[in-house]
Amino acid sequence: MSSVGRSRSGVRGGWWLRAGGYTLLELIAVLAVVGLALSVVMPSVSSGLHRWRLRAAVREMTTMLKFTRTQAVATRQSLRVVLDRRRNLYWLDRPTSALDADQAQDKGIRLYALPAGVHFGLVTVGGQEKSGDQLGVLFSAYGTTTGTSVQVVGDRGIGYRIVLDQVTGQASIRRMEG
């Protein structure tokens, strides 16, 4: 019998085929490499996830505004989207109603929440800044609005402005330069 390809222990192959598994030093080296790779990748993943949540919130809010405009025209009734800036909630409601978020929820109105780390910023109506915890974006039965602009801002200062055309009521999204 030839001894070519056999180790001293008589097992065919080399050191990589030993039956005992990996050494502690090999496991520590692999964990160190994985830890180093994660420390490089995680900040960019976290930043990307934050931007994705912010953009999704802006798209969802814009969709709600477009839907409200469409419903106002279809039903020939004025409607509004209520913004609760203190609780970062918004919902569709009639303009004559003066409900807060709890009352709206009790009446079965669906509330939409901005994700964690995202909040409403400056709101302007007809070019004038509006303050207060609860504001309404009004759409007439003809689909017009009062020329509203709503900022949706992330905790890292990145933000978008949803602008509603005064005549057509159409919504557009603009990135805010921070």
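How each quantity is defined
- Residues numbered from 1 in each chain as written.
- Predicted model: local features only at pLDDT ≥ 70, side-chain atom pairs only at ≥ 80, totals over all residues.
- Heavy atoms only, no water.
- Helix = DSSP H or I, 4+ residues; strand = E, 2+ residues; numbered from the N terminus.
- Buried < 20%, exposed > 50% of the residue type's maximum accessible area, 1.4 Å probe, protein only.
- Salt bridge = Lys/Arg side-chain N within 4 Å of Asp/Glu carboxyl O.
- Pairing = 2+ DSSP bridges.
- Axes fitted to C-alpha atoms, helices over the stretch in contact; angles between N-to-C directions.
- Polar contact = N/O pair within 3.5 Å; in protein donor to acceptor, adjacent residues only side chain to side chain.
- Contact = heavy atoms within 4.5 Å.

The next thing to look at is unusual backbone geometry. Positive phi is not limited to glycine here, since Arg-76 has a value of about 55 degrees. On the secondary structure map, Arg-76 appears in the loop between α1 (24-75) and β1 (79-84). Classification of Arg-76 by relative accessible area gives exposed; the value is 71%. One non-glycine residue, Asn-88, lies in positive phi territory at about 55 degrees. The exposure class of Asn-88 is buried, given its relative accessible area of 17%.

We now examine the pattern of salt bridges. When the charged atoms of two side chains with opposite charge come close together, those side chains can pair. This structure, assessed with the given rule, holds 3 salt bridges. Asp-93 is the salt-bridge partner of Arg-80, the closest N and O atoms lying 3.9 Å from each other. Of this pair, Arg-80 sits in strand β1 while Asp-93 sits in strand β2 (residues 89-93), and the two are 13 residues apart along the sequence. In this structure, the salt-bridge partner of Arg-87 is Asp-102, at a minimum N-O distance of 3.2 Å. With Arg-87 in the loop between β1 and β2 and Asp-102 in helix α2 (residues 101-106), this residue pair connects regions lying 15 residues apart in the sequence.

Here we take up the sheet that holds strand β4 (residues 118-125). Sheets are built from strands that pair by backbone hydrogen bonding, the pairs being arranged parallel or antiparallel. If you trace the 5 strands from one edge of the open sheet to the other, you get β5-β4-β7-β8-β9, paired in antiparallel fashion. In this open sheet, the two strands that pair with only one neighbour each are β5 (128-130) and β9 (171-176). Strand-to-strand twist in this sheet, taken as the mean axis angle between neighbours without regard to direction, amounts to 25 degrees. Here strand β7 (residues 148-154) pairs with strand β8 (residues 159-164) via 5 bridges, running antiparallel. Bridge pairing links Gln-151 to Arg-161 in β8.

The next point concerns the pairing of β1. Across the 6 residues that make up β1, a large majority, 6, are buried. Of the two faces of β1, the one carrying Leu-79, Val-81 and Leu-83 and the one carrying Arg-80, Val-82 and Asp-84 are both buried. Strand direction decides the pairing type here: β1 and strand β6 (residues 134-139), joined by 6 bridges, are antiparallel. Bridge assignment links Asp-84 to a residue of β6, and that residue is Gln-134. The pairing of β1 with β2 spans 5 bridges and is antiparallel. Opposite Val-82, over in β2, you have Trp-91 as the bridge partner. Taken together, β1 and the strand that follows it, β2, pair antiparallel across an intervening segment of 4 residues, in which Asn-88 is found at a positive phi of about 55 degrees.

Turning our eyes to something else, we now look at the sheet that holds β1. Pairing is antiparallel in the open sheet, where 4 strands are placed in the order β3-β2-β1-β6. One side of each edge strand has no neighbouring strand; the edge strands of this open sheet are β3 (112-113) and β6. Sheet analysis places β2 next to β3, joined by 2 bridges and oriented antiparallel. For Leu-89, the partnering residue across the bridge sits in β3 and is Ala-113.

A few words now on the side chain of Ser-140. Structurally, Ser-140 can be placed in the loop between β6 and β7. For Ser-140, a relative accessible area of 18% gives the class buried. At 2.7 Å, the side chain of Ser-140 and the side chain of Thr-144 are in polar contact. Ignoring sequence-local partners within four residues, the contact set of Ser-140 consists of Ala-72 and Ser-78.

Take the environment of Leu-138 next. On the secondary structure map, Leu-138 appears in strand β6. What makes Leu-138 partly exposed here is its relative accessible area of 35%. For the pair Leu-138 and Thr-148, spaced 10 residues apart in sequence, the C-alpha separation works out to 8.8 Å. When neighbours within four sequence positions are excluded, Leu-138 is seen to be in contact with Ser-78, Leu-79, Arg-80, Pro-95, Thr-144, Thr-145 and Thr-146.

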